[in-house]
Amino acid sequence: MNRHCYFNEVMSLRLRGLQMHNAILIMMLLILSLVPIYGQDSYEDKKAAIEERIASIDSALVENRKSQLSIRLSILNDQLSMYEKYTSLRLSAEIAQALINFEKSQEILLSADDPNEIEEAALNYANSKKVLRGLFEGASICAQDSAFLGIIAPPSDSQSIFCSWGEYGATYSSKSIWYTLGSYGGFFSNLSPFWEFASTPPIIMMNDKPIARLSVGMMGNHGELVTIAPETLKSIYEGVYTD
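Attention in this report is confined to the structure presented alongside it. (Residues numbered from 1 in each chain as written. Predicted model: local features only at pLDDT ≥ 70, side-chain atom pairs only at ≥ 80, totals over all residues. Heavy atoms only, no water.)

1. Side note on the packing of aromatic side chains
Right, so step 1: Taken as a whole and assessed by the stated rule, the structure comprises six aromatic pairs.
Right, so step 2: Summarising the aromatic geometry, the rings of tryptophan 195 and phenylalanine 197 are spaced 6.3 Å apart at their centres and angled 80 degrees between planes, so their arrangement reads as edge-to-face.
Right, so step 3: The structure contains a cluster of three or more aromatic residues connected by ring pairs, namely Trp178, Phe187 and Phe194.
Right, so step 4: Here the guanidinium or amino end of lysine 234 rests over the ring plane of tryptophan 178, the centre of that ring lying 4.7 Å away. (Phe/Tyr/Trp six-rings, centres within 6.5 Å; stacked < 30°, edge-to-face > 60°. Lys NZ or Arg CZ within 6 Å of the ring centre and 35° of its normal.)

So, in structure tokens, the structure goes:
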């Protein structure tokens, strides 16, 4: 594990910068939303001022998303370089490469103006989703207290974490990662994928072997595992019911 120490330290520094950026953005948006609109007398003027404010918030959120994608891509590229050096980490390299393609296509879709570039990025986005489904399809989600938390499968599967009425996909089930009041989905639980500082988030298992961490945080005690966020995993199954 010593070969990961320097890598983890560098990544931690980058992520601290992202966390500070997010905190500042949230504070600015909160202040902006609370400031009353003065100086406009007519309904149309007030409406225009509100629409301008909403547009500025949307723009700030898009820029924040771009910043997050940029940092994630940097981390994934560094991880990929490390994985490619070891044949035992070949699957990790495949997952990292698929995630890079997925994130990169999103980055282009957020900023591109050229129709051809947008069309190509949309195609790459769809293809990368298909590749990621192929890599994760059938994998199990396991909490680090040994609890089984469902499988990665289309929403039609009752054991899928995307099955909204199933034990592992319902927002009201204690065994679901989407239950925000539970140990496995809480925003401040060490076993949850939604607490970015969790040291023991769920692990994605394939054939009884760990293949990835499920977490909104990019770091942890598993330097050889790629990290994928729950919402990213969910997005690759958007519109998929019978694959």
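2. Some points on the side chain of serine 215
Right, so step 1: Inspection of the secondary structure puts serine 215 in the loop between β4 (209–214) and β5 (226–228).
Right, so step 2: In this structure the side chain of serine 215 is engaged in a polar contact, spanning 3.0 Å, whose partner is the backbone nitrogen of glycine 217. (Helix = DSSP H or I, 4+ residues; strand = E, 2+ residues; numbered from the N terminus. Polar contact = N/O pair within 3.5 Å; in protein donor to acceptor, adjacent residues only side chain to side chain.)

3. Looking at the layout of surface pockets
Any empty space left between atoms is shown by rolling a water-sized probe over those atoms.
Right, so step 1: Roughly 220 Å³ of volume is contained in the second largest pocket.
Right, so step 2: Those elements giving two or more residues to the lining of the second largest pocket turn out to be α3 (90–111) and β4. (1 Å grid on protein atoms, 1.4 Å probe; cavity = no way out; pocket = protein on both sides within 12 Å on 5 of 7 lines; lining within 4 Å. Points joined across faces, edges and corners; volume = space filled by probe spheres on them.)

4. Thoughts on the sheet that holds β4
Sheet strands line up and pair through hydrogen bonds in the backbone, either parallel or antiparallel.
Right, so step 1: Taking strand neighbours across the sheet as the criterion, the five strands line up as β2-β1-β3-β4-β5 in an open arrangement whose pairing is mixed. At either margin of the open sheet sits one strand with a lone partner, and together these are β2 (148–151) and β5. If you compare each strand with its neighbour and ignore which way they point, the axes differ by 35 degrees on average.
Right, so step 2: As paired strands, β4 and β5 are joined by three bridges and run parallel to one another. In the strand pairing of β5, arginine 213 is matched with threonine 227.
Right, so step 3: The strands touched by α3 within the sheet are β4 and β5, with β5 carrying the most contacts at an inclination of about 40 degrees. (Pairing = 2+ DSSP bridges. Axes fitted to C-alpha atoms, helices over the stretch in contact; angles between N-to-C directions. Contact = heavy atoms within 4.5 Å.)

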